[in-house]
Every structure is written in structure tokens, then in C-alpha cells.
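Read off the chains here:
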Amino acid sequence: MPLIDPVVLVHGGAGDIPAERVEGKLVGVKRAARIGYEKLSATGCVLDAVEEAVRSMELDPFFNAGYGSVLTTEGNVEMEASIMNGATLRAGCCSLVKDIMHPISLARRVMKTPHNFLAGNGVMQFAKEEGFDVLSPPGQLVTDYAREALEEWKEGQRRGEIEFARTEIGSSNKYNKAEVGTVGAVAIDANGNIAVATSTGGITGKLPGRVGDTPLVGAGTYADNRVGGVSTTGHGETIMKYCLAHDILKRIDFLGENAQAATENACKKMTEKLTGTAGAITIDSQGQVGVSFTSQRMAWAYTKGSTVAYGIEQNQHLEEALQI
């Protein structure tokens, strides 16, 4: 089998992203794609690549993951993440994670257990046993943007002007039905090995204990070397019901659609059926890329060879030389 050109593809959330956050998101996704690609080049491991790409976005307040995560009704950060190895179908998932900077690294550590998914008190105990730094005092991941978003959400609830909970933060348009959230990465190496990682803070104003699509295999994340890998973003309750990541790969597998067509068609069909909007990034087993979203905007970027491609608007595809 001929070698494949390695690719690292990332997204920074799909939804009604306000104009004032566009530049920051583009800078962040291009940086993440570069960092992930550098890691893949250095270690040859696709799991390393997607983890490192997502970690960079978990540090960036322009994204709803790690530092920058949105808040529950009680004003707390509860995060979730998942990572999957397409060669073995092994997965690590975690939810209700608190005061840990990098939930994606915790999800990867879950892969060493006999389980796929740890949550709540159990995952926090596991994190401590594994030596993760639990921030003290609590609440250090809460940003001013997130506090603003929660107050806007509460005001919108009082006025009856919000249908879907918001996951974008810092918007100048109060009470938007903004559904953006989640960061993710998909990578393929020269031998066709694929990995996917996804991380999020959830949706603004969620009830404590809410679990979204991000940590669910088949909804927020899926990887199978035989077909491809997908990371999704958008309105979690909708994505969960549609099993969006799995649907995209089944379109490739059974309908023979290419990565772009499968991603476009699945996102469109989901929104037509269930109203909620979403986006997804896909790499198929041949290294072909798919990027699509039914939301207003989705920040994305991928690095391949000496080029980084990126965009945030519908039908936008920009390219520039990779700066390493």
C-alpha cells in the first residue's frame, strides 16, 4: 500500500461565533494544527499528535475547553473529553472533570484501564492517583468571558429568549442561540493509522452533572483505521441523538461517499431532522479531508506537508506556508 501524506486536522467549535472572536479562533486553530503536526513528525504517534493539538486549545480562552470552558447554572466548570485509537478501537473518555487543565490527557490515561469511560467522583479520584495536578483553590479555570456568558444566559432565561443553551462566550449579541463549543483533532500518519481527540466545557447554563456528546464514542468522537476518523462540535443533545461521528463514517463505509461529501451530508441531514446545528472534521483512510458545518461559523485548520489550510466561514478555504 502506498504511503499516505500525514495530516493533522483540528476544529475549534461550530456555532454563532461573534465577529470579535473570529481572529482569536483562527490563530488558535492554526497553532493547534501546527503543534499537532510537529508532534506527529517527532514521535510518529497519531495519539500524541491529537492529544497535543487539543492541549494547546485547552490552554486558550478563545475556546470552550480547559481554560475558557463555559459554566454550569451554579457557576462551575465541568469538562469532558474523549480520545480514540483507530488501529485498536480503544477509547478513553471522561466527564464531570473539575479543576484539571487538560481533560484530554486525563481521557488518554483512562485508556490504560479496563474501561472506556470514567466520570464524576471516580474520574477525579483516578486523576489524583495518576498524579494529575488538581488546581487549588478551585475555580481557576473560570474566565471573565465565561462569567459574562452565564449572566447573559440567565438574563435570557428570565426573558424567555433562549431556546438552546449557549456554548459560545463573549458575544456582543445577547441571547443568541449560539451552539458553538468543543475542540477536536483528527490525525493520520503515513501508514494510515488514525486517532481522534475531542474536549469541551459543555454548554452555558447546563445543569450540574450534564453529559454531552463529546465523551461519547460514536457521537463526538470515532476512529477506525479501516474507514476514517471524526470529531464533532455543536449542539450536544442533537449530536448525541444522531450519533453524528458514526454516521459520517458509515456514509464513507457503506455509501462510498468521500470524506467531504459524507461530512456535509451527515451534518445537513442531522440539522434537517433535529433542528440543532453542528460541524465535523473528518479524515478518511486515504488521508482525504472533510470539513463541514450547518452553524454560522466553525474554526478549523489542517497541516499537511509544508502548508496549513484554514477557515471559519461557510465555503472558506485559505492556505499559507507552514511556519515551523
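Describing the overall build of the protein chain
If you tally the helices and strands in the protein chain, you get eight helices and 13 strands. Against the 2.2 N^0.38 benchmark of 20 Å for 324 residues, the protein chain shows a C-alpha radius of gyration of 18 Å, consistent with a compact globule. Its C-alpha atoms give the protein chain principal-axis dimensions of about 60 × 45 × 40 Å. Partitioning the contacts of the protein chain with sequence separation of at least 6, the portion at a separation of at least 24 is 65%. When the accessible area of the protein chain is evaluated, it comes to approximately 12,400 Å², of which 48% is carbon and sulfur surface. One finds the centroid of the 31 positive side-chain charges in the protein chain at a distance of 2 Å from the centroid of its 39 negative side-chain charges.

As for the nonpolar core
By size, the foremost hydrophobic cluster in this structure holds 55 residues, and its most contacted members are V10, V29, I83, V97 and L106. Leaving out residues up to four positions away in the same chain, L106 has contacts with C94, V97, I100, V123, F126, A127 and F132. Residues V196, Y242, L244 and Y302 belong to the second largest nonpolar core, which totals 37 residues.

Structural notes on unusual backbone geometry
Cis geometry marks the peptide bond from S136 to P137, where omega comes out at 5°. With a phi close to 60°, D99 is a non-glycine residue in the positive phi region. Within the fold, D99 resides in the loop between β3 (91-97) and α3 (103-110).

Examining the sheet that holds strand β13 (residues 318-321)
Strand order in the open sheet formed by nine strands is β4-β3-β2-β6-β5-β1-β11-β12-β13, with mixed pairing between adjacent strands. The sheet is open, and its two edges are formed by β4 (117-119) and β13, each paired on a single side. Each neighbouring strand pair of the sheet contributes to a mean axis angle of 10°, computed without reference to strand direction. As paired elements, strand β1 (residues 7-15) and strand β11 (residues 297-304) share seven bridges and run antiparallel to each other.

A word on the packing of helix α1 (residues 22-43) against helix α2 (residues 46-58)
At a closest axis distance of 8 Å, the pairing of α1 and α2 adopts a crossing angle of 150°. Looking at the two axes, α1 sits roughly antiparallel to α2. Handedness of the crossing formed by α1 with α2: right-handed. In this structure, α1 uses G28, V29, A32, I35, G36, K39, L40 and T43 to contact α2, whose residues at the interface are V46, D48, A49, E52, A53, S56 and M57. The class makeup of the residues in the contact of α1 with α2 is eight nonpolar, four polar and three charged.

What to know about the confidence of the model for the protein chain
For the protein chain, the average pLDDT comes to 92, and 93% of its residues sit at 70 or higher. Overall, residues 168-180 carries pLDDT values under 50, and its contacts beyond four positions in sequence, including any with other chains, amount to 58 contacts.

Focus: the packing of α2 against α3
Put simply, α2 and α3 touch, their axes get as near as 8 Å, and they point 150° apart. By the angle between their directions, the pair α2 and α3 is classed as roughly antiparallel. Of the residues in α3, those in contact with L47, D48, E51, V54, R55 and E58 of α2 are P103, I104, S105 and R108. Taken together, the residues of the contact of α2 with α3 break down into four nonpolar, one polar and five charged.

Re the pairing of β13
Pairing of strand β12 (residues 307-311) with β13, which is carried by four bridges, proceeds in the antiparallel orientation. Residue pairing for β13: V308 is matched across the bridge by E320. As consecutive antiparallel partners, β12 and β13 are separated by six residues, and within that stretch N315 has a phi angle of approximately 60°, a positive value.

Examining α3
Within α3, six of the eight residues are buried, which leaves the element mostly enclosed by the surrounding structure. Among the residues making up α3, those that are buried are P103, I104, S105, L106, A107 and V110. Against the buried residues of α3 lie α2, β2 (79-85), β3, β4, α4 (120-129) and β6 (194-200).

Observations concerning the sheet that holds strand β10 (residues 289-293)
Sheet architecture is open: four strands sit in the order β7-β8-β9-β10, paired in antiparallel fashion. Whereas interior strands pair on both sides, the edge strands pair on one side only; in this sheet they are β7 (221-224) and β10. Taking the axes of each pair of neighbouring strands and ignoring which way they run, one obtains an average angle of 10° across the sheet. Pairing between strand β8 (residues 228-234) and strand β9 (residues 278-284): seven bridges, direction antiparallel. The residue of β9 that forms the bridge with V230 is T282. Against the sheet, helix α7 (residues 244-255) touches β7, β8 and β9, its axis set at about 140° to β8. Sheet contacts for helix α8 (residues 259-274): β9 and β10; angle to β10, the most-contacted strand, approximately 20°.

Conventions adopted
- Along every chain, residues carry numbers that run from 1 in the direction the sequence is written.
- Reporting of local features is limited, given that this is a predicted model, to residues whose pLDDT is at least 70; pairs of side-chain atoms are given and counted only at 80 or more, and all residues count toward the totals for whole chains, interfaces and linings.
- Hydrogens and waters are ignored; side-chain quantities use all the structure's heavy atoms.
- Working definition: helices are DSSP H or I runs of at least four residues, strands are E runs of at least two. Numbering for both runs from the N terminus.
- C-alpha atoms define the radius of gyration, and 2.2 Å times the number of residues to the power 0.38 defines the globule rule.
- Whether two residues touch is decided by their heavy atoms; if any such pair falls within 4.5 Å, the residues are in contact.
- All accessible areas in this document rest on Shrake-Rupley with a 1.4 Å probe, and a residue is counted as covered only by the protein chains that are shown.
- Positive residues here are Lys and Arg, negative ones are Asp and Glu, while His and the chain termini are left out of the count.
- To locate a charge, take NZ of a lysine, CZ of an arginine, CG of an aspartate or CD of a glutamate.
- Joining through side-chain atoms within 4.5 Å is the link that ties buried Ala, Val, Leu, Ile, Met, Phe, Trp, Tyr and Cys residues into a set, and such a set is a nonpolar core.
- Categorising residues by exposure relies on relative accessible area from a 1.4 Å probe, with only protein chains included: less than 20% of the type maximum marks a residue as buried, more than 50% marks it as exposed, and the intermediate range marks it as partly exposed.
- For two strands to count as paired, DSSP must find a minimum of two bridges between them.
- For helices, the axis comes from a line fit to the C-alpha atoms of the stretch in contact; other axes are also lines fit to C-alpha atoms, and the angle between any two N-to-C directions lies between 0 and 180 degrees.
- For classification purposes, angles smaller than 35 degrees are called roughly parallel, those larger than 145 roughly antiparallel, those between 65 and 115 roughly perpendicular, and all remaining angles oblique.
- Note on convention: near helix rotated counterclockwise from far helix by under a right angle means a left-handed crossing. Clockwise means right-handed.
- Gly falls in the polar group here, along with every residue not listed as nonpolar (Ala, Val, Leu, Ile, Met, Phe, Trp, Tyr, Cys, Pro) or charged (Asp, Glu, Lys, Arg).
- Every residue carries a pLDDT, the predictor's confidence in it, which falls somewhere between 0 and 100.

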